[in-house]
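Below, each chain spelled out in residue letters.
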Amino acid sequence: MGGSASHLSKEQLSEYQELTFLTKQDILHAYRIFTELLSKDLVDFQNIRIAKERFCELPELKANPFRERICLVFSTAIEKDGSVSFEDFLDMLSAFSDSATLEIKSHYAFRIFDFDDDGTLDKEDLKNLVNCLTGGTSDTQLSEAEMNQLIQNILEEADIDKDGTVNLSEFQHVISRSPDFVSSFKIVL
Amino acid sequence: MEQMAVYCADVESDRNSLSNVSLQPYHQTGIFQELPSYETVRRRTECPSSKNEQRFSIQDSGNEISNLQFIAEELLLFEDRKQSLRELPVSLTEKRKMREKRKYNSGSLSSWETWKQSQQKLLKRLKEEASHAISWLELWKGSLGEIEGRYGNGIQSYFTFLRFLVFLNLFAFLLVGGFVLLPSIYISKLELNQTVAEQPQNTSECFKYDPYLHGLVPFYAYILDLFSGTGFMEDSYMFYGYYTFDGKQIFNYNLPLAYLLTMALYFLFCLCWILKRIVNGFKQECMQEASYSTRHSAKIFSHWDFCIKAPMMATLKQQSIVNDLKIDLQEQIYRRKKAERSTKDKIFLYSIRAVLNLFIMLLLTGAFYCIYQATKSSQQFQQKGNGSGKIYFLFEFFMEYLPPIVISVSNILLPFLFWIIVRYEEYPPNTEINLILIRSVFLRLSNLSMLVFSLWQHITCSDGKKEDCEACGYNIHYQCWETKIGQEMYKLMLFDFLACIGVTFCVELPRKFVAEHGPIWLTKVLKKQQFLVAENVLDIVDGQTIVWIGMFYSPLLPLLNIVKYFITFYVKKHSLYNYCRPGKRLFRPSSLMIFFQLILLFGLVVAIVPIIVNVTLVHPSIPCGPFQQHKTAWEIIPKLVSTLPSEAQIFLKYITSEPFILLLITVLCTVLTILASLVQTNRSTITQLKQHLILAGKDKRYLVKQLSTHFQQPSVGPFQDSFSESVKDVNSRA
């Protein structure tokens, strides 16, 4: 991948460094991976989008049960098909990097967990979340009663205004009291 | 109005449409989409996702206006707070737009301001580059990242802790090396030609000290010396006895004082560092009280390690999450059962628990007695067995290493018994595991203290033979008793290290072969070794406690420990990758770190107490060591203080006097009371605010529902009648 750095100009690099939490090495590494996924080296790589399925084959995302949600959240495609451009990729890496603030991470985590995109985490969203965490197969899933009990526990703890859903500020409140979140919400290339 | 027509979702103009709409969850109504709290989430996309068909077209036009409004608001906000662009949770294109707006709004700046801004940017860039360069020096960064990717944060915390201990030991070695070792080497080079003319030639018993064997030395003596720290090793910088130099004459360097102060400073520093880390961790944990805890939700939201790359590990993580959730639910059921227990059952259970605890105490006492006897016989053997050539190599080796062997056996056997016993005590699952861990920690640290205690007894003749101590103030058979303690710690450390390697290659490796290639009935019983984080951490804390106890008597022990931990890291990593399967129990890394730091603190306390007792009470050896001419090692400090100017002396005397300490304690108690009452006030405020939030939420829901039912009215028909009817309907339902 000898001349690949030549397609990313210095101004663009410094602009990306200013607008994201990534270092120069991270951005170049991301560029290499992106062009590998494209399997060709184009000058206008910034306008090309990679389809969701192809993107989810990245080794960092393959084992992640939230990979499709991640693609959908960070994608800025007008067609809403989850296709990822280079800048979306940088956004994603920036939010998942070590130096991103807790606010950014909790904001994006909320959007990833909001499966129906309605701005709150209601019972269905929480059910989907727990199913993703426990694996898709029926022998690892919780029983109906256990699931209901668990969701009831979560709502009791997290839903402060008792409206049956967890909105963004309640979510951020829970996250701020969980010191593991920052270290687990991390993807390193 | 057109807008009103557009608002009709289900076009049923009869009154039943009211009931349909009010049953709809309130956060799917049109009004809800326009609330400011909702907009903070939704508007942060370029194009609003319109998956919900019930979204009304006024939404889109409203969004255009409100998008611009939002950008203007955000601009104000982030110029007020001087937030950097990268901290906004929007996409890159949006950030560019914001930057343009900001530049446009701020107009033309003076050249001074532009220069200042560019300098700030440059400084920030330089700082980032510097921190990036420094992170290259981080030890084992690549390995830790790899382990995190394959096994998750829980197992990685063990290796991070190991790295922390390496740094502690490195700091110890640098301190000791700089202030004690280097001056000693320098002085010894200068003193080569000088004889120690100060000390009068004294032929009394107390001055007879000879670390070497004489006469016919068996061939294996050198190997034995290496493993037990005697002979050529004893007469080296390794042990306390060699540091007999005093640089006072040469260049005014008070070596004994440097020795004492370096050790004291190092322990103080360790104490402060560990306490700081515990306090940081506790701030997060202890904030949770029972009525205010967010345990379950925090678990669900933050438990997935996004850094896991291996699919097998992801499946394992999912299994452990399921296990954990089930255990939690079981605990809830257990708690409910507990509340329903009858008095008779309770009495029965408590009596069983008391009996079992008593049994555990008996076991512990038995273990202590064994260690005591082992130390005694080992010491007796070492006193007799010098130079008698008819004892075999292996037997000598065994007797020298008897105390470490007994300690290791008790460390392996007793936790197994604890595990069996705890089943009968009927605690919830998490409490069971914590109880076993606490008992194991107690066992290991007490074993070490027992060993040190029995050695102390021998040295100060507290076990009966008083006449041995009359001549010199300590047991006459133990000339240079400090070196003896250093040797015992050295043997313990070496045995620990050999046992770790031995267990990895002689137990885990065969187990792996059996599990993979053995017959089926055997593989069902004997699976691959689990990588248990807690037990491994107890091992390395044990090792660190040994080094801390031995550090005062063997200054180079931290250096050996660094080498030992280095090799342990790679051995454990190899074993994790190849011979072990990861444990099934789910750990939260933050609570793990607190646990590690706590047991490290206990280890430090267990190590400091014997050293303090020895330094202040026991007479130092006369033929060797830096404190030869003093009655106790501590004596140096008062001698030093008496040479200071009189103002300093008065000041120090005042600080250590009773009135001052009483005053200090009173002030601290007052501060503590104030803080405790602040906590109480805050708690009641939090409860009030929560009530307020619930009420405000109810108000919002009521208003949203009423507004949406109001707008769902068909535009045909008298407006007032339908409005009053809808109000009556809603009132009757509320």
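The shown structure was predicted, so the numbers you read here are calculated from the model rather than taken from an experiment.

1. Describing the overall build of chain A
Reasoning step 1: If you tally the helices and strands in chain A, you get eleven helices and zero strands.
Reasoning step 2: Ordered by position from N to C terminus, the α and β elements of chain A give α-α-α-α-α-α-α-α-α-α-α.
Reasoning step 3: Taken over the C-alpha atoms alone, chain A extends approximately 60 × 35 × 30 Å along its principal axes.
Reasoning step 4: When the 189 residues of chain A are sorted by exposure, 59% land in the buried category.
Reasoning step 5: For chain A, restricting intrachain contacts to residue pairs at least 6 apart in sequence, the fraction spanning at least 24 positions comes to 57%.

2. Observations regarding the domain arrangement of chain A
Residue and element names in this part refer to chain A.
Reasoning step 1: Entries for chain A in the domain assignment read domain 1 (9-96) and domain 2 (102-184).
Reasoning step 2: Each of domain 1 and domain 2 has a C-alpha centre, and the two are 26 Å apart.
Reasoning step 3: The interface is formed by nine residues belonging to domain 1 together with twelve residues belonging to domain 2.
Reasoning step 4: For the pair domain 1 and domain 2, the summed buried surface comes to about 970 Å²; carbon and sulfur atoms form 72% of the total.
Reasoning step 5: Inspection of the region where domain 1 meets domain 2 yields one salt bridge.
Reasoning step 6: Summed over the shared surface of domain 1 and domain 2, the result is four residue pairs in polar contact (both at pLDDT 80 or more).
Reasoning step 7: The greatest single-element share of the side of domain 1 that touches domain 2, amounting to four residues, is contributed by helix 5 (residues 67-74).
Reasoning step 8: Split into classes, the residues belonging to the side of domain 1 that touches domain 2 amount to eight nonpolar, no polar and one charged.

3. A look at the nonpolar core
Reasoning step 1: Ranked by internal contacts, the top residues of the largest apolar core, which has 175 residues, are F55, F66 and F89 of chain A together with F301, W548 and F552 of chain B.
Reasoning step 2: Setting aside residues no more than four positions away along its own chain, F89 of chain A makes contact with A30, I33, F34, F55, L58, V84 and L189 of chain A.
Reasoning step 3: I360, L363, L414 and I421 of chain B belong to the second-largest nonpolar core, a separate cluster that totals nine residues.

4. Concerning the pattern of salt bridges
Opposite charge on two side chains allows them to pair when their charged atoms are near.
Reasoning step 1: The final tally for this structure, using the stated rule, is 20 salt bridges over all chains.
Reasoning step 2: A salt bridge links E15 of chain A to R96 of chain B, with the nearest nitrogen and oxygen atoms 2.8 Å apart. Remark: R96 of chain B occurs in helix 6 (residues 92-106) and E15 of chain A occurs in helix 1 (residues 10-19); the pair is interchain, linking two chains.
Reasoning step 3: Accessibility expressed as a relative area gives 15% for E15 of chain A, which makes it buried.
Reasoning step 4: Owing to a relative accessible area of 21%, R96 of chain B belongs among the partly exposed residues under this scheme.
Reasoning step 5: With a shortest N-O distance of 3.6 Å, K186 of chain A and D98 of chain A are connected by a salt bridge. Placement of the pair is K186 of chain A in the segment after helix 11 (181-184) and D98 of chain A in the loop between helix 6 (86-95) and helix 7 (102-113), with a sequence separation of 88 residues.
Reasoning step 6: Residue K186 of chain A is classed as buried on the basis of its relative accessible area of 11%.

5. Quick word on helix 9 (residues 144-158) of chain A
Reasoning step 1: Spanning 15 residues, helix 9 of chain A covers 21 Å between terminal C-alpha atoms, matching the ideal 21 Å at 1.5 Å per step.
Reasoning step 2: Taken residue by residue, helix 9 of chain A has M147, L150, I151, N153, I154, L155, E157 and A158 of chain A as its buried positions.
Reasoning step 3: Residues of helix 9 of chain A that are buried sit in contact with helix 8 (123-134) and helix 10 (168-176) of chain A together with helix 13 (295-302) and helix 14 (311-339) of chain B.

6. Some thoughts on the UniProt feature "domain: EF-hand" (unreviewed entry) in chain A
Reasoning step 1: Listed under "domain: EF-hand" (unreviewed entry) in the UniProt record, and renumbered for this structure, are residues 101-136 and 146-181 of chain A.
Reasoning step 2: In residues 146-181 of chain A, helix accounts for 64% and strand for 0%; the two terminal C-alpha atoms are 24 Å from one another.

7. Focus on the packing of helix 8 (residues 141-151) of chain B against helix 22 (residues 557-578) of chain B
Any two packed helices are characterised by the angle at which their axes cross and by the distance between the axes.
Residues and elements named next belong to chain B.
Reasoning step 1: Helix 22 packs onto helix 8 with a crossing angle of 25° between their chain directions and a minimal axis gap of 12 Å. The orientation of helix 8 with respect to helix 22, classified from their angle, is roughly parallel. Considering how the two elements wind past one another, helix 8 and helix 22 form a crossing that is left-handed. Contact residues: helix 8 offers S143, E146, I147, R150 and Y151, while helix 22 offers F569, K573, L576 and Y577.
Reasoning step 2: Taken together, the residues of the contact of helix 8 with helix 22 sort by class into five nonpolar, one polar and three charged.

8. Focus: the UniProt feature "transmembrane region" (unreviewed entry) in chain B
Residue and element names in this part refer to chain B.
Reasoning step 1: Feature annotation in UniProt places "transmembrane region" (unreviewed entry) on residues 164-187, 257-275, 347-369, 401-422, 434-456, 546-571, 592-613 and 660-679, given in this structure's numbering.
Reasoning step 2: Secondary structure content for residues 592-613 is 100% helix and 0% strand, while the C-alpha to C-alpha distance between its ends is 32 Å.
Reasoning step 3: Split by type, residues 660-679 is 100% helix and 0% strand. Its first and last C-alpha atoms lie 29 Å apart.

9. A short note on the interface of chain A and chain B
Reasoning step 1: Taken residue by residue, the interface counts 76 residues in chain A and 71 residues in chain B.
Reasoning step 2: Taken over both partners, the interface formed by chain A and chain B buries close to 6,800 Å², and the fraction arising from carbon and sulfur atoms is 58%.
Reasoning step 3: Summed over the three residues of chain A that lose the most area to chain B, namely L19, L133 and R177 of chain A, the buried surface amounts to 12% of that side.
Reasoning step 4: The tally of links from chain A across to chain B stands at six salt bridges.
Reasoning step 5: Among the ionic pairs, E15 of chain A bridges to R99 of chain B, the shortest N-O distance being 2.8 Å.
Reasoning step 6: In this structure, the connection of chain A to chain B is made through 14 residue pairs in polar contact (both at pLDDT 80 or more).
Reasoning step 7: At the level of elements, helix 1, helix 4 (59-62), helix 6, helix 7, helix 8, helix 9, helix 10 and helix 11 of chain A are the ones that each hand at least two residues to the side of chain A that touches chain B.
Reasoning step 8: For the side of chain A that touches chain B, a count of residues per class yields 35 nonpolar, 22 polar and 19 charged.

10. Concerning a positive patch on the surface
All names here are of chain B.
Reasoning step 1: The grouping of K103, K121, K124 and K127 at the surface amounts to a positive patch.
Reasoning step 2: A total of three residues in the positive patch trace back to one element, the largest contributor, which is helix 7 (residues 111-136).
Reasoning step 3: Structurally, K121 is set in helix 7.
Reasoning step 4: We classify K121 as partly exposed; its relative accessible area is 46%.

11. Observations regarding the state of the cysteines
Residues and elements named next belong to chain B.
Reasoning step 1: Evaluated as defined, the whole model comprises zero disulfides over all chains.
Reasoning step 2: Looking at C580, it has no disulfide partner, and the nearest cysteine sulfur is the one in C500, 11 Å off.
Reasoning step 3: Note on C580: relative accessible area 7%, which makes it buried.

12. Digging into the environment of Q487 of chain B
All names here are of chain B.
Reasoning step 1: Mapped onto the secondary structure, Q487 falls in helix 19 (residues 481-517).
Reasoning step 2: Expressed as a C-alpha distance, the spacing of Q487 and G229, which sit 258 residues apart in the sequence, is 5.4 Å.
Reasoning step 3: Not counting residues within four places of it along the chain, the set of residues in contact with Q487 comprises S228, G229, T230, E234 and F239.

13. Details of the confidence of the model for chain B
Residues and elements named next belong to chain B.
Reasoning step 1: Per-residue confidence for chain B averages 77 on the pLDDT scale, and 77% of its residues sit at or above 70.
Reasoning step 2: No element of chain B has a lower mean pLDDT than helix 1 (residues 2-7), which averages 40, and none a higher one than helix 22, which averages 91.
Reasoning step 3: This stretch, residues 1-23, has a pLDDT under 50; its non-local contacts, to residues over four places away or in other chains, come to 29 contacts.
Reasoning step 4: Every residue in residues 45-67 is under pLDDT 50, and counting partners more than four places away or in other chains gives 32 contacts.

14. Looking at unusual backbone geometry
All names here are of chain A.
Reasoning step 1: Positive phi, normally seen in glycine, also occurs at D117, with a value near 60°.
Reasoning step 2: Counting through the fold element by element, D117 comes out in the loop between helix 7 and helix 8.
Reasoning step 3: Assessed through its relative accessible area of 18%, D117 is described here as buried.
Reasoning step 4: Phi angles above zero are rare outside glycine, and K162 is one such case at about 55°.
Reasoning step 5: With respect to the secondary-structure elements, K162 resides in the loop between helix 9 and helix 10.

15. Regarding the packing of aromatic side chains
Reasoning step 1: A full pass over the atoms with the stated rule returns 43 aromatic pairs over all chains.
Reasoning step 2: On the numbers, 5.4 Å between centres and 55° between planes, the contact of F110 of chain A with F171 of chain A is tilted. Highlighted residues: F110 of chain A in helix 7 and F171 of chain A in helix 10, separated in sequence by 61 residues. Exposure class is identical for F110 of chain A and F171 of chain A. Each is buried.
Reasoning step 3: Connected via pairs of aromatic rings, a cluster forms that spans F66, F74, F96, Y108, F110, F113, F171, F181 and F185 of chain A together with F301 and F306 of chain B.
Reasoning step 4: Directly above the aromatic system of Y427 of chain B lies the positively charged group of R353 of chain B, at a separation of 4.0 Å from the ring centroid.

Reading the values: rules and limits
Residues numbered from 1 in each chain as written. Chains lettered and ligands numbered in written order. Predicted model: local features only at pLDDT ≥ 70, side-chain atom pairs only at ≥ 80, totals over all residues. Heavy atoms only, no water. Helix = DSSP H or I, 4+ residues; strand = E, 2+ residues; numbered from the N terminus. Buried < 20%, exposed > 50% of the residue type's maximum accessible area, 1.4 Å probe, protein only. Contact = heavy atoms within 4.5 Å. Domains from an automatic or database assignment. Buried area = accessible area lost by both parts, 1.4 Å probe. Salt bridge = Lys/Arg side-chain N within 4 Å of Asp/Glu carboxyl O. Polar contact = N/O pair within 3.5 Å; in protein donor to acceptor, adjacent residues only side chain to side chain. Nonpolar A, V, L, I, M, F, W, Y, C, P; charged D, E, K, R; others polar. Core = buried A, V, L, I, M, F, W, Y, C linked by side-chain atoms within 4.5 Å. Expected span 1.5 Å × (residues − 1). UniProt positions renumbered as here; feature names shortened; annotations may be inferred. Axes fitted to C-alpha atoms, helices over the stretch in contact; angles between N-to-C directions. Parallel < 35°, antiparallel > 145°, perpendicular 65-115°, else oblique. Left-handed = near helix turned anticlockwise from the far one by under 90°. Patch = residues over 30% accessible without salt bridge, like charges linked within 9 Å, V, L, I, M, F, W, Y side chains within 5 Å. Areas by Shrake-Rupley, 256 points an atom, 1.4 Å probe, with all protein chains shown as cover. Lys, Arg positive; Asp, Glu negative; His and termini not counted. Charge placed at Lys NZ, Arg CZ, Asp CG, Glu CD. Disulfide = S-S within 2.5 Å. pLDDT = per-residue confidence, 0-100. Phe/Tyr/Trp six-rings, centres within 6.5 Å; stacked < 30°, edge-to-face > 60°. Lys NZ or Arg CZ within 6 Å of the ring centre and 35° of its normal.

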